[in-house]
Every structure is written in C-alpha cells, then in structure tokens.
Amino acid sequence: MLAILHPDTPLDSDAYRTTLNFLENLPGVSLRFHEVQGAVQKLTEIYLLGDTKSLDKDEIAALPAVERVIRISEDYRILGRHKDDLRQNGFTYNDVTFNQNNLNVFAGLCAVDVQEHVDIMMRALSERGETCTRMGAYKPRTNPYSFQGHGKGCLPWVFETAGKHGIKVIAMEITHESHIEEIDTCLEKLGRPTGVMLQVGTRNTQNFELLKSIGRQQTYPVLLKRGFGITLNESLNAAEYLASEGNARVIFCLRGMKTDAGQPHRNMVDFAHVPTVKRLTRMPVCIDPSHSVGTRDRAPDGLLEVTHATAQGVIAGANMVLADFHPKPEKALVDGPQALRMEELPAFLDDIRLCHETWKKRREIYSNQGGMASV
Ligand code: PEP
Ligand code: MN
C-alpha cells in the first residue's frame with residue numbers, strides 16, 4: 001500500500017507526527033520513504049510493506065498528513081502503474097523533461113574516439129536545436145582485445161565540448177560503480193557544463209550490485225537497457241531495483257533481443273513492447289534502433305531499415321530515441337556498420353518528429369475509446 005502525503009508537508013508538523021505515529025505502530029508493517037521532487041513541490045510517498053492486506057484504506061486516507069492512498073500490486077511497487085494510480089510520470093533533469101508523453105532524441109557516438117568527431121557531432125545537434133546526445137566512454141566489449149573506450153581520460157573534453165554546444169544531457173554507459181564518481185568529480189571540477197544520464201547496458205541489466213549503487217545516488221537519472229536474453233518482467237524488476245534504492249528517475253530502453261530469429265537484424269526488434277512498458281509502468285520508454293537493427297541496410301523504398309524501426313517505435317509512443325551516428329562510420333572504433341552519417345541527421349530528426357506527431361493524432365482518433373485516459 002502506498003500513502004501519498006499532502007505536498008510539502010512539514011516534517012515537524014502535528015499532522016506529520018500523528019500520521020507517522022499511526023503508521024509506525026501497524027503490526028507486521030514496515031515503512032519505506034520515497035521523496036519525489038517535482039517542478040514546484042516535494043511529494044513524500046510512504047510505502048507500507050509487509051502484511052498490508054487487512055489494512056483499511058479509508059482509515060489510512062483519513063490520517064491528517066495523507067492526501068491519498070493507493071493499493072499497489074506486488075510488481076514494480078515504485079515504478080509500476082497501479083489501479084487508480086494517477087501519480088505523475090517522468091521528471092526534469094538539467095532543464096530537459098522526460099515523461100511518457102514527450103520525446104527526446106539522443107543521437108551521438110556509440111564510442112568517443114577523437115575530439116574532432118565529438119565536436120562535429122555536437123555541433124550538428126546544436127544546429128538542429130537538439131540538447132541531448134549519447135557518448136560512450138566506458139565500453140563493454142565482447143572481445144577483451146577490442147577497444148574498451150577512453151574511460152575517464154576523455155571526460156573533460158567531452159563535457160567541455162558539450163557545454164560549448166549547449167548539450168544538456170549525455171547518455172553515457174557505465175560498467176562499474178567507480179565510474180559514477182569519475183563522472184561526478186569531472187563534472188564538478190568543470191562547473192557542470194552539461195549533465196549525464198547513466199546508462200546501464202544490456203549486459204548489466206541484472207548486475208544487481210551495480211544497479212544498487214546507481215540507485216543509491218540521486219544526482220543522475222538512469223537509462224536502463226532491457227536485458228537481451230531475459231523476460232520483460234525480469235528487466236522491469238531490474239528497473240525497480242534502481243527505484244527501491246532511492247532513484248526513480250529511470251528511463252527504460254528497448255534495444256532488441258538476442259535470437260537468431262531476428263536475423264538478418266543484429267537483434268530481434270522488440271518495439272511492440274513500447275506501449276506495454278508504458279501500460280505496466282510509469283517510466284518513459286526509449287528505443288534503440290541502432291543496436292536492434294545493427295546494419296545500414298536500405299529497403300527498396302529508399303529508407304534505411306534503422307529509420308523504419310525508429311518510426312515503428314516512435315509511432316507507438318516511444319519517448320526517447322538513442323541512435324548511433326558518426327562523422328566517418330568507416331573509421332568508428334565501435335559499431336561503425338550501424339552508425340548513421342551526419343548528413344542523414346536532419347531527415348532522421350524530421351522523420352521522428354513526424355512520427356511523434358502521428359502518435360498524438362492516433363491518440364486523438366482513439367480518444368473516445370479510452371485511449372487518452374491511460375497515459
Ligand atoms: C550501447 O548503447 O552502446 C550498447 C553497448 O548497447 P547495449 O547495451 O544495448 O548492447
Ligand atoms: Mn554500440
């Protein structure tokens with residue numbers, strides 16, 4: 001059960017004390033506190049865990065500091081979308097808003113290589129008014145002898161270049177908890193010219209100790225990739241690990257499933273799950289067409305299959321697109337064969353906006369059938 005307190009309830013008020021006193025004395029029930037900082041107010045949510053079946057919802061709703069009570073199902077307690085659950089979804093980080101209704105594009109380098117390429121990429125984005133990108137500094141590689149990323153060494157010039165071009169958020173994969181501090185120390189030293197969204201790669205979706213470390217910090221939001229060989233439920237539980245440790249600013253990313261059935265794509269494109277994840281949870285949903293399709297193959301209609309897959313995800317309501325680009329894909333140190341070229345960026349962005357607008361229109365078409373109410 002979840003008790004949501006009136007916004008900005010003072011912790012030293014009688015209402016708060018009376019409420020807490022009651023809740024703390026419920027037999028077999030333990031409390032877990034979760035604070036949600038919205039744009040204008042702070043919300044305190046108290047999760048009642050344990051033997052809650054016999055609790056009287058109305059009695060708890062009548063406590064002086066309680067605004068409303070939600071009975072939650074067992075799955076995805078914090079991130080889930082529960083019955084009668086009208087809690088807002090999404091968050092704002094570094095002036096960029098992420099929720100289940102809007103859309104942000106993170107086009108960028110799979111792996112940071114040289115400063116010139118980072119600069120070309122970020123300049124192209126800023127010329128198009130884009131404020132987000134992806135930049136891999138720590139690369140998890142199948143082969144131990146492959147390029148592993150520049151690591152912390154490249155952070156200063158990547159962050160400075162981002163600041164120069166007005167980039168507000170960089171999605172950056174981390175593979176070890178020590179990387180959080182490396183990123184934080186570097187950003188702090190530079191006066192925080194940009195922001196970082198910590199990316200958990202598909203190989204680490206169930207690295208629970210990494211998830212807990214990332215969940216314990218509140219500074220950076222998280223982009224969690226779906227595990228490539230596990231069920232959707234298992235990946236959503238991985239996201240809940242982050243939230244259960246305190247960080248509910250999580251975006252869930254579909255990136256395809258590893259199976260030969262997906263060939264000739266690199267992975268089996270799973271973007272039909274975009275609306276499913278939005279139904280089961282309140283997380284914004286990202287799609288990664290680059291790692292799903294994994295090639296630059298072009299369909300007879302003249303469009304790359306990567307762009308077709310992107311359109312399929314966005315038209316189904318995706319809220320974020322993570323896409324590999326490179327000024328010289330043939331020179332890229334990681335995943336060059338799937339990278340789009342700089343000159344392909346404007347059309348790619350236009351296509352995505354068109355598909356997002358089309359998704360909104362699709363909602364209107366179905367609005368008298370309950371379509372608008374659920375998002
Ligand atoms: C990536 O986005 O660079 C990446 C390694 O993706 P994934 O974890 O989905 O393979
Ligand atoms: Mn990659």
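From a predicted model like this one, the values you see are computed outputs, not experimental measurements.

Things to note about the environment of S244
Moving on, step 1. In this fold, S244 is placed in helix α7 (residues 232-244).
Moving on, step 2. Judged by its relative accessible area of 24%, S244 falls in the partly exposed class.
Moving on, step 3. On a C-alpha basis, the gap between S244 and V169 in space is 24 Å, while along the polypeptide they are 75 residues apart.

Overview of helix α10 (residues 305-315)
Side chains that are three or four residues apart share a direction in an α-helix, a result of its 3.6 residues per turn.
Moving on, step 1. Turning to α10, its buried residues number three or more, namely V306, T307, A309, T310, A311, G313 and V314.
Moving on, step 2. Along its buried surface, α10 packs onto α8 (274-280), β13 (285-287), α9 (289-293), β14 (320-324) and α11 (345-365).
Moving on, step 3. Remark: G317 follows α10 within two positions and exhibits a positive phi of approximately 105 degrees.

Focus on the pattern of salt bridges
Moving on, step 1. Following the criterion strictly, the structure yields 23 salt bridges and no others.
Moving on, step 2. D14 is the salt-bridge partner of R17, the closest N and O atoms lying 3.1 Å from each other. Placement of the pair is R17 and D14 together in helix α1 (residues 14-24), with a separation of three residues, close to one helical turn.
Moving on, step 3. Given the relative accessible area of 46%, R17 is considered partly exposed.
Moving on, step 4. On the basis of relative accessible area, D14 is assigned to the exposed category, the value being 56%.
Moving on, step 5. Residue E330 pairs with R341 through a salt bridge whose shortest N-O separation is 3.5 Å. Of the two residues, E330 sits in the loop between β14 and α11 while R341 sits in the loop between β14 and α11, which places them 11 residues apart along the sequence.
Moving on, step 6. Through salt bridges with shared partners, a single ionic network connects E45, D85, R87 and R282.

Focus on the coordination of the manganese ion (ligand 2)
Moving on, step 1. In this structure, C110 (SG), H291 (NE2) and D335 (OD) serve as the protein donors to the manganese ion (ligand 2), at separations of 2.0 to 2.3 Å.
Moving on, step 2. Between consecutive donor residues of the manganese ion (ligand 2), the sequence gaps follow C-x180-H-x43-D. Of this pair, C110 sits in the loop between β7 (104-108) and α3 (115-127) while D335 sits in the loop between β14 and α11, placing them 225 residues apart in sequence. The same class applies to C110 and to D335, which are both buried.

Here we look at the pairing of β7
The side chains of a regular strand alternate, first on one face of the sheet and then on the other.
Moving on, step 1. For β7, the buried fraction is high: five of the five residues fall into the buried class.
Moving on, step 2. Across the two faces of β7 the burial is the same, with N104, F106 and G108 and V105 and A107 all buried.

Comments concerning the site of ligand 1
Moving on, step 1. Around ligand 1, a shell composed of C110, R134, K139, E173, Q199, G201, T202, R203, K225, R255 and H291 is seen.
Moving on, step 2. T202 places a polar main-chain atom, nitrogen or oxygen, 2.8 Å from an oxygen atom of ligand 1.
Moving on, step 3. Between ligand 1 and the protein, one listed contact pairs an oxygen atom with a side-chain N or O atom of R203 at 3.0 Å.
Moving on, step 4. Starting from 290 Å² of accessible surface for ligand 1 in isolation, the protein chains cover 97%.
Moving on, step 5. A per-class count over the shell around ligand 1 returns one nonpolar, four polar and six charged.

Criteria and cut-off values
- Residues numbered from 1 in each chain as written.
- Chains lettered and ligands numbered in written order.
- Predicted model: local features only at pLDDT ≥ 70, side-chain atom pairs only at ≥ 80, totals over all residues.
- Heavy atoms only, no water.
- Helix = DSSP H or I, 4+ residues; strand = E, 2+ residues; numbered from the N terminus.
- Buried < 20%, exposed > 50% of the residue type's maximum accessible area, 1.4 Å probe, protein only.
- Contact = heavy atoms within 4.5 Å.
- Salt bridge = Lys/Arg side-chain N within 4 Å of Asp/Glu carboxyl O.
- Donors = N, O, S within 2.8 Å, 3.2 Å for Na, K, Ca; no water.
- Near = heavy atom within 4 Å.
- Polar contact = N/O pair within 3.5 Å; in protein donor to acceptor, adjacent residues only side chain to side chain.
- Areas by Shrake-Rupley, 256 points an atom, 1.4 Å probe, with all protein chains shown as cover.
- Nonpolar A, V, L, I, M, F, W, Y, C, P; charged D, E, K, R; others polar.

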